[in-house]
Amino acid sequence: LPELMTNDYGNYFCQRLLFNCSPSHRLLFIKQIRGQIVSISKDSRGIHTIQSIFDVMTMEEEEKILADDLKTHVCELAMDQQGTHAIQKALLAFAEIRKKFIIEESLVKFIELCNNPYGLSMIKKLVPICAKNNDNVHFIVQKIADNSMELVQNPYGNYAIQAVLESFEVTKLSPILESFKGKYSQLSNLKFSSNVIEKCMEKADPKRKEEIIKELISPEKLFGLLKNNFANFVLQKALTLAEGALRDEMIKAIQDSLQHISCLLYTSPSPRDLSTSRMPSSA
């Protein structure tokens, strides 16, 4: 049966069979592949049949067989191009009590999963589920805060931070927001982290939002931010989020910086001026 499931044509037959057989026959099907579910899940053809199993299973015994096979292999599958689809299906299909091992194993290698292109997909589905458990929320927030500089600049890790910012209550996010304090302007200049800074401003409470914006518009930093392609978008987001006196302060700071830039452009010597400036003539 595993050979048939991983065959170019046989896998289609297996999928059709699962959707049309009785529950007792389906259970027999699953028992026949016990001990080989992980290897089949990592196969580019076998994964389609495994996904079909999760789509149609209805019995607790089916869940138990699948869970027993997947235990201790969660992260291995999550970071595999094909296997990640199996573990994501399991996370969504299993009963709450049955998916506990998936959450526990994922949290052990949480940072590694965040920085992996396939693991990230798993994290995006895991985070909203963990949002229901205060212990998991605290663990994830602290884990991200401790590794924030690594994650925020990673092409995949930055999306993991954004997923957490979107899913968790703002009152739980302080350690993450605090970890960026004093570095908001530098991170705004970078491609991946600039997206996170925008999300931080969206989620922050009014006091924290004001702190972030004031850091961005400080005279020694604003000048460089205005000239940066990524930071420019961060400033635009800040302008839409700022209100009242803070918005007025931001507009004035930007106007002053733009005026300074204009003065520099107006007074800077042209290339022609440079070529004819007072340079020692050749003998």
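Residues numbered from 1 in each chain as written. Predicted model: local features only at pLDDT ≥ 70, side-chain atom pairs only at ≥ 80, totals over all residues. Heavy atoms only, no water.

### Concerning the packing of helix H11 (residues 117-130) against helix H14 (residues 157-167)
For step 1, the next point in the chain: Where H11 contacts H14, the axes come no closer than 9 Å and their chain directions differ by 15°. One finds that H11 runs roughly parallel with respect to H14. For the element pair H11 and H14, the recorded crossing hand is right-handed. Where H11 abuts H14, its residues Leu 120, Ile 123, Lys 124, Val 127 and Pro 128 lie against Tyr 159, Ala 160, Ala 163, Val 164 and Ser 167.
For step 2, the next point in the chain: Residues belonging to the contact of H11 with H14 are distributed by class as follows: 8 nonpolar, 1 polar and 1 charged. (Axes fitted to C-alpha atoms, helices over the stretch in contact; angles between N-to-C directions. Helix = DSSP H or I, 4+ residues; strand = E, 2+ residues; numbered from the N terminus. Parallel < 35°, antiparallel > 145°, perpendicular 65-115°, else oblique. Left-handed = near helix turned anticlockwise from the far one by under 90°. Contact = heavy atoms within 4.5 Å. Nonpolar A, V, L, I, M, F, W, Y, C, P; charged D, E, K, R; others polar.)

### A few points about the layout of surface pockets
Empty space among the atoms can be located by rolling a probe the size of a water molecule over them.
For step 1, the next point in the chain: One number sums up the size of the largest pocket: a volume of about 190 Å³.
For step 2, the next point in the chain: Surrounding the largest pocket, Glu 96, Ile 97, Lys 100, Ile 103, Glu 104, Ile 129, Cys 130, Lys 132, Asn 133 and Asn 136 form its lining.
For step 3, the next point in the chain: Counting only elements with at least two residues in the lining of the largest pocket, the list comes to helix H9 (100-108) and H11.
For step 4, the next point in the chain: Per-element accounting of the lining of the largest pocket gives the leading share, 3 residues, to H9. (1 Å grid on protein atoms, 1.4 Å probe; cavity = no way out; pocket = protein on both sides within 12 Å on 5 of 7 lines; lining within 4 Å. Points joined across faces, edges and corners; volume = space filled by probe spheres on them.)

### A few points about the packing of helix H8 (residues 83-93) against H11
For step 1, the next point in the chain: Between H8 and H11, whose axes approach to 9 Å, the crossing angle comes to 5°. As far as their axial angle goes, H11 and H8 are roughly parallel. Between H8, through Thr 84, Ile 87, Gln 88, Leu 91 and Leu 92, and H11, the contact on the second element is made entirely by Tyr 118, Ser 121, Met 122, Lys 125, Leu 126 and Ile 129.
For step 2, the next point in the chain: Across the contact of H8 with H11, the residue classes break down as 7 nonpolar, 3 polar and 1 charged.

### Considering the nonpolar core
For step 1, the next point in the chain: Within the largest apolar cluster, 84 residues are counted, with the highest numbers of intra-cluster contacts made by Ile 50, Leu 70 and Phe 94.
For step 2, the next point in the chain: The element that contributes the greatest number of residues to this core is H11, accounting for 7 residues.
For step 3, the next point in the chain: Discounting chain neighbours no more than four positions away, the residues touching Leu 70 are Ile 37, Val 38, Phe 54, Leu 77, Ile 87, Ala 90, Phe 94 and Phe 101. (Core = buried A, V, L, I, M, F, W, Y, C linked by side-chain atoms within 4.5 Å. Buried < 20%, exposed > 50% of the residue type's maximum accessible area, 1.4 Å probe, protein only.)

### What to know about the packing of aromatic side chains
For step 1, the next point in the chain: Under the definition given, this model contains 3 aromatic pairs.
For step 2, the next point in the chain: Plain terms: the ring middles of Phe 94 and Phe 101 are 6.4 Å apart, the flat faces sit at 45° to each other, and that makes the pair tilted. As far as the burial class goes, Phe 94 and Phe 101 line up, both buried.
For step 3, the next point in the chain: Aromatic ring contacts, followed pair by pair, group Phe 54, Phe 94 and Phe 101 into a single cluster. (Phe/Tyr/Trp six-rings, centres within 6.5 Å; stacked < 30°, edge-to-face > 60°.)

### Side note on the pattern of salt bridges
Opposite charge on two side chains allows them to pair when their charged atoms are near.
For step 1, the next point in the chain: For the coordinates displayed, the defined rule picks out 20 salt bridges.
For step 2, the next point in the chain: When the shortest N-O distance is used, the salt bridge between Glu 76 and Lys 42 registers 2.8 Å. With Glu 76 in helix H7 (residues 74-78) and Lys 42 in the loop between helix H4 (37-41) and helix H5 (46-56), this pair connects stretches of sequence that are 34 residues apart.
For step 3, the next point in the chain: With its nearest N and O atoms 3.3 Å apart, the salt bridge here joins Glu 210 to Lys 214. Of the two residues, Glu 210 and Lys 214 both sit in helix H18 (residues 206-216), 4 residues apart, roughly one turn of that helix.
For step 4, the next point in the chain: Assessed through its relative accessible area of 34%, Glu 210 is described here as partly exposed. (Salt bridge = Lys/Arg side-chain N within 4 Å of Asp/Glu carboxyl O.)

### Details of the side chain of Glu 105
For step 1, the next point in the chain: If you trace the backbone, Glu 105 turns up in helix H9.
For step 2, the next point in the chain: Among buried Asp, Glu, Lys and Arg side chains, Glu 105 stands out as unpaired, with Lys 71 the closest opposite charge at 7.8 Å.
For step 3, the next point in the chain: In this structure the side chain of Glu 105 is engaged in a polar contact, spanning 2.8 Å, whose partner is the backbone nitrogen of Thr 72. (Lys, Arg positive; Asp, Glu negative; His and termini not counted. Polar contact = N/O pair within 3.5 Å; in protein donor to acceptor, adjacent residues only side chain to side chain.)

### Some words on the side chain of Gln 88
For step 1, the next point in the chain: Among the structural elements, Gln 88 can be located in helix H8.
For step 2, the next point in the chain: Side-chain polar atoms of Gln 88 contact the side chain of Thr 84, separated by 2.7 Å.
For step 3, the next point in the chain: In contact with Gln 88, other than residues within four places in its own chain, are Tyr 118, Ser 121, Met 122 and Lys 125.

Distances and angles like these do not, on their own, reveal function.
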